[in-house]
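Examining the three-dimensional arrangement
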Amino acid sequence: MAQETEVREEEMQREYRNVGKPVTRIEGAGKVTGETIYADDMQLPRMLHAKVLGSPYAHARIKSIDGSAARQHPGVEAVFTPADLPEYKKNFSNRRGVIFPDEEVLFYGQPVAAVLASDPHVAEEALALIKVEYEALPPVVDPITAMEESSPLVRSPLGDVDRSEERGHVTVGVEQEEAEGKPSNIASQMNFKRGDVEAGFEQADVVVEHTWRSAVVHQSYIEPHSTVADYDASGELSVWTSTQAPFYIRDELSQTLGLPENKIRVTATEVGGGFGGKIYLQELMVAALAMAVRRPVKYIMSRKEDMLAATPAPQAVIDLKTSMTRDGKLTALKSRVVYDSGAFPGAPMLPGCLLVGGYYKCENLDIQGYEVLTNKVSVGALRAPGAHNVTFAIESHMDMMARELGLDPIEVRLKNAVEEGDPLPSGQPYPRIGLKQCLEAIAESEVWGRRNRERGTGNRGVGLAVGGWLGGLQPASAIVCLNSDGTINVTVGSADITGTNTSFAQITAEVLNVPLEMVNVTTGDTRTAPYAGMSAGSKTTYTVGRAVKLAAEDARQQMLEIAAKRFEAAPKELEMADGVVRLNGSDEKTLTFQRLGRLSTNFAAPFPAVVGRGAITTRKMAPGFTAQAAEVEVDTDTGEVTVLGFAVAQDAGFAINPLSVEGQMQGGASQGLGIALSEEMMYDSEGRLLNGNLLDYRMPTTRDLPPIEAIIVEVPSEEGPYGARIVGEPSIVAGAAAVGNAIADAIGVHLTDAPFTPERVLRALGKL
Amino acid sequence: MPKQLITLIVNGRRTEVAVEPRWTLLEMVREELRLSGSKEGCGTGDCGACSMIVDGRLVTSCLMLATQVDGRDVVTIEGLAKNGRLHPVQQAFIDTGGVQCGFCTPGMIMAAKSLLDRTPSPTLEEVREGLAGNLCRCTGYAKIYEAVMHAANAGK
Amino acid sequence: MRTFEYHAPTSLNEAISLLQEHGEAARPLAGGTDLVVQMKEKATKFAAPSHIVSLLRVPELSGVSFSESEGLRIGAGATMSQVADSPIIRERYRAIAEGAALVGSIQTMNMATVGGNLCNAAPSADIAPPLLAFEAEAVIVGPSGRRKLALEEFFLGPGKTALAADELLAEVRVPLPPPGMGSAYDRHTPRKQMDIAVVGVAAALTMAGERIERARVALGAVAPTPVRAPQAEAALEGQAPSDELFARAADVSAAECSPIADLRGSAEFRRHIVRVMTKRMLREALDRARSG
């Protein structure tokens, strides 16, 4: 490892030709012409369409289901009620262990039956013919009420909970306590303590205490969940699905359906947006139905189904008490962090508890986390899951304390910001991080520059907040092959959801010192590709990128060895540039990549094929921090908040492709702005979703978002390729807090409930 | 329900299609004509991923019945590139990084083309107004604004 | 979507006969931006239709025309884009153009029709308050001929109109605006576009010298139908315009509307917004009246 680091530091000295340069996406032409194939674009012979019946109750017992009338409907091929499903290993404690509930329905819209037909309209018609008799049970909707001892239970008691999916998003080696003892709606809890918080509050000059609420929000990828599955005569299951996690799905399907992993081929089709929400959901049902009917089955969620029954991000209620001395030192932080997990465990309580006390040095901490079940759809990841909820709380507090003490918000943050070696609330020390550098960069942004100029004019305000994400860790591998014409193929197993394959091409081209065009990259399926963890937790470039680099270095070494043998020289006497290997300085002793390719692929070729292999694992995090500034205008009569400007500074470690890094920063920031301004899944007292469409679930439109300023900060990570660190997720984290602080700058009041709708602004102003 | 024969121009070519009355234009184009570039993101006209140009006007094809385009002129994303050369708007989306997951991209490009047909040199505000019916979840729109401004300049 | 038979009549008479023949089983279809969504979601405000009568090819329903003697005629089939882009409407009936320009996205505006927006009878229809402020009339055609109805009487409740099953809204007639009139429409939405009005307010003021001769205030999304605010209008007429007067009229309109609470806002919030927006629209209408 030491050797690898040495090589990298040497590399940092020289000018790169491929990495660090803005590059357009290798798959761009297919996407702008509409040629790219997404799961819903697939057509297979004999394919059937699945339509799914959802529960009209948030909590109910199924007394009976009768599919006979639906079966008689002309054109219907099959109807599946819980009793008709093929055998699978059920686990009712986990969402991914259940196709349809046998008995107890736990959320509004939960799938209870399905129909297959070759015409999707016919399948949909038949849904109305399935007769389900329910016995309504009392729904538990509010997480705080759910925690009370007197609350009805959300569900029958949990069995073993599998937390493998959450660990793909954040991997920190800390476990939460699963609930034990008397049944309650608290699925799990955890506590981090350090020092003595009461003593810390005593020492302080200002103490601030508030409760912060954030809403259930939806990933709202434009492509709904989409899957096609087929089961052939040889007993092989193929699944084409819009997922970030093909190998994870393979492993889960293998265990649940009892097929060996080498008989399952999961292909991650082009993902039309995932953001953490497309890991593993409907694939089990589609695979089981395809196995039952032995025909290809396609299931595309309608937008409404996706909003009702996919895995949105949780609401949270954060009680926070913090204190600071007159000179701006944070002395104590006490918090109760409650995440509403919906009907199954899986809420990001752990990262929430780590991050609420993870941005600043603080000697006295007491953080208590709860993961609470309710009769709402179970939650999943959304870009840095759980982070925005707690960041809203702590970053509002930092501003409030600074304001009370008359201190500069950037200075106060710089004074307390964590650095390498500082402990997380769990006690683990941070590796090298760039929080301070992000704060310094945002101070230079155009938006922050308007802070003092625009203040007090026309209800405008400028605010900022920081945020961070720790990232996931999983092994990864890659293969780099030399083709007979001298071009290069790279094969990986990671779904490309952010332009990572383009970055892999850059890395490979850098190592082999060739123009980018000579390299192509493929995401293979789970039977052809080398293993990679899920494309989640911002880890793809950090982990798979490093494997690609190793594989390219391996291929380079093999090519040099071939040349060395031809020239009867040592590999270190050779240089490689622009597709040619040459003996030091020689004009005659050269071998083109094409020649090398032929020498290692032709009939009776003298050398074996060049196949570079790279495989890594890492336990070292490369956390990503961000600082973000917002400029807003508040219409104090209507309560309307207009974002006039927004800037994101983020530590990317080393931006292998600055164009896609900026895109990640701007995209994540826009989702943070949605959380701040308008996104909220609304439920009635019976647990029914009121706004399951893209009209009433208001993600920002072009009219809502000004161009977002992206400022890349580079504090190299210790293990990432060329110093790259996690990138995808941090950008979503700070939006709500930054906008909240900007609103407070404009109108003097902090809003404690996000999103900051006009009605909430007016209430904060006392106008309603 | 028996199918109805309709005749229309799709991307410049006269086409006859037998359609069911309940098919939308989007469904007909994707499933029957097998032009799968136009996407369905919501089915309720709120996301714009299915945008096409009918008789010169931008529409959400998920809310138009196939029968309603009988005798009309339809342009889909597949009709933009000519002889293997990308339309300037398509090229600009690639060059500026306006493409990420790609699912909103066909509809977004149709909206951008339609905007530039009406307003060849739009201001940033006009771009933001012209694309307001097309949701993108990946880019935060910044690079899409750049792409459209870039394409407008390229078209001069 | 349930299946249905599709009809594409090419004359108003043919369309009416089809509606007459199929009765409650038929629904007229114009732009589809409301009806197709409702049919897909099986959330029609009526039984799923087994006959769809497309009005796309009915020539009598199309277009916008104007004459100094007759005023403005907007065909029920005119799209929101046609209305928003019409030079005469922009010049003489500004609030109507503003209402049309706020309906959804450009795509929606290119498809949605004035007739569809009115016949869907959503309390939040953006085209309705400005038309009410201009005292528009609905021209209805049925088997027994044409009848005219003040637009106020056209709306009966959410999703309910005065149309019989075999009648169609053919056009909207808007009287010639008197000299010295200015009008404005705007709405409040949480998102800047692609949203449904939480409150919509149209105002039209006709000035006679320094006094308000005639005032019209119409509100959307704060009652079972789009409504006029007659008490606010009465408070304005005959008075000299001032911020105080407008504030008083805004209080009156907020008091006389009857909003409900739903996912888009509480009743209290809606009343507050009616007050704010009424004031703003009156100020805008006055400025326009004065600048001619």
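Another point: the overall build of chain B. Regarding its fold elements, chain B presents 5 helices and 5 strands. Of the regular secondary structure in chain B, the N- to C-terminal order runs β-β-α-β-β-β-α-α-α-α. Relative to its length of 156 residues, chain B is compact, with a C-alpha radius of gyration of 15 Å against a globular reference of 15 Å. Viewed in the frame of its principal axes, chain B has a C-alpha envelope of about 50 × 30 × 25 Å. The buried share of chain B, taken over its 156 residues, is 66%. Entry remark: accessible area of chain B is about 5,200 Å², with carbon and sulfur atoms responsible for 48%. Counting 17 positive and 17 negative side-chain charges, chain B places the averaged centre of each group 3 Å from the other.

This part is about the pattern of salt bridges. Residue and element names in this part refer to chain A. Per the counting criterion, the structure on display carries 82 salt bridges over all chains. Ionic pairing is found between Asp 40 and Lys 298, a salt bridge with its closest N-O pair at 3.3 Å. Here Asp 40 is found in the loop between α2 (28-33) and β1 (48-54), whereas its partner Lys 298 is found in strand β13 (residues 297-300), with 258 residues between them in sequence. Note on accessibility: Asp 40 and Lys 298 belong to one class, buried. The salt bridge partner of Glu 165 is Arg 96, with a shortest N-O separation of 3.5 Å. One end of the pair, Glu 165, is in helix α6 (residues 164-169); the other, Arg 96, is in the loop between β3 (76-80) and β4 (104-105), and 69 residues separate them in sequence. The two residues Glu 165 and Arg 96 agree in class, both being buried.

Take the interface of chain A and chain B next. Contact with chain A, which involves 54 residues of that partner, is made by 48 residues of chain B. Between chain A and chain B lies a buried interface of about 4,100 Å² when both sides are counted; carbon and sulfur atoms form 55% of it. At the junction of chain A with chain B, the criterion picks out 6 salt bridges. For the pair chain A and chain B, the number of links is 28 residue pairs in polar contact (both at pLDDT 80 or more). Elements supplying a minimum of two residues to the side of chain A that touches chain B: α2, α4 (120-127) and α20 (658-677) of chain A. Looking at which element gives the most residues to the side of chain A that touches chain B, the answer is α20(A), with 8 residues. By residue class, the composition of the side of chain A that touches chain B is 20 nonpolar, 20 polar and 14 charged.

At the interface, 22 residues of chain C touch 27 residues of chain A. The contact between chain C and chain A buries some 2,400 Å² in all, and 52% of this surface belongs to carbon and sulfur atoms. Put simply, chain C and chain A have 6 salt bridges between them. One salt bridge connects Arg763(A) with Glu268(C), and the closest N-O pair in it is separated by 3.3 Å. Where chain C touches chain A, the interface holds 15 residue pairs in polar contact (both at pLDDT 80 or more). Looking at which element gives the most residues to the side of chain C that touches chain A, the answer is helix α12 (residues 267-291) of chain C, with 6 residues. Residue classes in the side of chain C that touches chain A are distributed as 8 nonpolar, 6 polar and 8 charged.

Residues and elements named next belong to chain C. Here 3 strands make up an open sheet; going across it, the order is β1-β3-β2 and the pairing parallel. Whereas interior strands pair on both sides, the edge strands pair on one side only; in this sheet they are β1 (5-7) and β2 (26-29). Averaged over neighbouring strand pairs, the angle between their axes works out to 25° when direction is ignored. Where β2 meets strand β3 (residues 51-54), 4 bridges bridge the pair, whose relative direction is parallel. By the bridge assignment for β3, Leu 29 is matched with Ser 54. Sheet contacts for helix α1 (residues 12-22): β1, β2 and β3; angle to β3, the most-contacted strand, approximately 165°.

A separate point is the sheet that holds strand β5 (residues 73-75) of chain B. Residue and element names in this part refer to chain B. The 5 strands lie next to each other as β2-β1-β5-β3-β4, forming an open sheet whose pairing is mixed. Each edge of the sheet is formed by a strand with only one pairing partner; in this case those strands are β2 (13-19) and β4 (57-60). Strand-to-strand twist across the sheet, computed as the mean angle between neighbouring axes with direction ignored, equals 40°. The sheet contact formed by strand β3 (residues 51-54) and β4 spans 4 bridges and is antiparallel. Counted as the bridge partner of Ile 53 is Leu 58 from β4. Lying on the sheet, helix α3 (residues 105-118) is in contact with β3, β4 and β5; it crosses β3 at an angle near 40°.

Residue and element names in this part refer to chain A. Spanning 13 residues, helix α21 (residues 735-747) covers 18 Å between terminal C-alpha atoms, matching the ideal 18 Å at 1.5 Å per step. With 13 of 13 residues buried, α21 is to be regarded as a mostly interior element. Directly beyond the C-terminal end of α21, a positive phi value near 85° is found at Gly 748.

Here the focus is the domain arrangement of chain B. All names here are of chain B. Taken domain by domain, chain B holds domain 1 (4-79) and domain 2 (88-154). The gap between the C-alpha centroids of domain 1 and domain 2 is 21 Å. Counting residues at the interface gives 15 residues for domain 1 and 12 residues for domain 2. Where domain 1 meets domain 2, there are 0 salt bridges. Taken together, the connections running from domain 1 to domain 2 amount to 4 residue pairs in polar contact (both at pLDDT 80 or more). Looking at the side of domain 1 that touches domain 2, the element that brings in the most residues is β3, giving 3 residues. Within the side of domain 1 that touches domain 2, the residues separate by chemical class into 7 nonpolar, 5 polar and 3 charged.

This brings us to the domain arrangement of chain C. It is common to report an interface's size as the accessible area lost on association of the parts. Residue and element names in this part refer to chain C. Examined at the domain level, chain C breaks down into domain 1 (5-54), domain 2 (64-174) and domain 3 (181-291). Using only C-alpha atoms to locate each centre, domain 2 and domain 3 end up separated by 20 Å. Every contact between the two is made by 24 residues of domain 2 and, on the other side, 25 residues of domain 3. Buried area between domain 2 and domain 3, both sides added, is near 2,100 Å², and the carbon and sulfur share of it is 59%. For the pair domain 2 and domain 3, the number of links is 5 salt bridges. A salt bridge links Asp 126 to Arg 187; the nearest nitrogen and oxygen atoms lie 2.7 Å apart. In this assembly, domain 2 and domain 3 are joined by 11 residue pairs in polar contact (both at pLDDT 80 or more). Of all elements in the fold, only α5 (94-100), α8 (128-133) and β8 (155-157) reach the threshold of two or more residues within the side of domain 2 that touches domain 3.

Turning to the environment of Gly235(A), a few remarks are in order. Position of Gly235(A) relative to the elements: it lies in the loop between β10 (226-231) and β11 (237-241). For Gly235(A) and Val23(A), which are 212 residues apart along the polypeptide, the C-alpha to C-alpha distance reads 43 Å.

A few words on helix α9 (residues 283-293) of chain A. Residues and elements named next belong to chain A. Counting buried residues along α9, 9 of its 11 residues qualify, which places the element largely inside the surrounding structure. When we look at burial in α9, the residues that qualify are Glu 283, Leu 284, Met 285, Val 286, Ala 287, Ala 288, Leu 289, Ala 290 and Met 291. Just downstream of α9 lies Arg 294, where phi reads positive at about 50°.

Residue and element names in this part refer to chain B. In the contact formed by helix α2 (residues 88-96) and helix α5 (residues 142-154), the axes pass within 8 Å of each other and the chain directions differ by 135°. When the interaxial angle is binned, α2 and α5 end up oblique. For α2 against α5, the interelement crossing comes out right-handed. Taking contact as the criterion, the partners of Pro 88, Val 89, Ala 92, Phe 93 and Thr 96 in α2 are, on α5, Lys 143, Ile 144, Glu 146, Ala 147, Val 148, His 150 and Ala 151. Here the residues of the contact of α2 with α5 sort into 8 nonpolar, 2 polar and 2 charged.

Let's shift gears to the packing of aromatic side chains. Here the structure, examined in full by the defined rule, presents 16 aromatic pairs over all chains. Seen in terms of ring centroids, Phe154(C) and Phe155(C) are 5.6 Å apart; in terms of plane orientation they differ by 80°. Their pairing is edge-to-face. Exposure remark for Phe154(C): the relative accessible area of 0% places this residue in the buried category. By the ring-pair criterion, three or more aromatic residues cluster together here, those being Tyr359(A), Tyr360(A), Tyr430(A) and Phe625(A). Residue placement shows Lys278(A) over the ring face of Tyr221(A); its charged tip is 4.4 Å from the ring centre. Between Lys321(A) and the ring centre of Phe201(A), over which it is positioned, the NZ or CZ distance is 4.4 Å.

Thresholds applied
Residues numbered from 1 in each chain as written. Chains lettered and ligands numbered in written order. Predicted model: local features only at pLDDT ≥ 70, side-chain atom pairs only at ≥ 80, totals over all residues. Heavy atoms only, no water. Helix = DSSP H or I, 4+ residues; strand = E, 2+ residues; numbered from the N terminus. Rg over C-alpha atoms; globule rule 2.2 N^0.38 Å. Buried < 20%, exposed > 50% of the residue type's maximum accessible area, 1.4 Å probe, protein only. Areas by Shrake-Rupley, 256 points an atom, 1.4 Å probe, with all protein chains shown as cover. Lys, Arg positive; Asp, Glu negative; His and termini not counted. Charge placed at Lys NZ, Arg CZ, Asp CG, Glu CD. Salt bridge = Lys/Arg side-chain N within 4 Å of Asp/Glu carboxyl O. Contact = heavy atoms within 4.5 Å. Buried area = accessible area lost by both parts, 1.4 Å probe. Polar contact = N/O pair within 3.5 Å; in protein donor to acceptor, adjacent residues only side chain to side chain. Nonpolar A, V, L, I, M, F, W, Y, C, P; charged D, E, K, R; others polar. Pairing = 2+ DSSP bridges. Axes fitted to C-alpha atoms, helices over the stretch in contact; angles between N-to-C directions. Expected span 1.5 Å × (residues − 1). Domains from an automatic or database assignment. Parallel < 35°, antiparallel > 145°, perpendicular 65-115°, else oblique. Left-handed = near helix turned anticlockwise from the far one by under 90°. Phe/Tyr/Trp six-rings, centres within 6.5 Å; stacked < 30°, edge-to-face > 60°. Lys NZ or Arg CZ within 6 Å of the ring centre and 35° of its normal.

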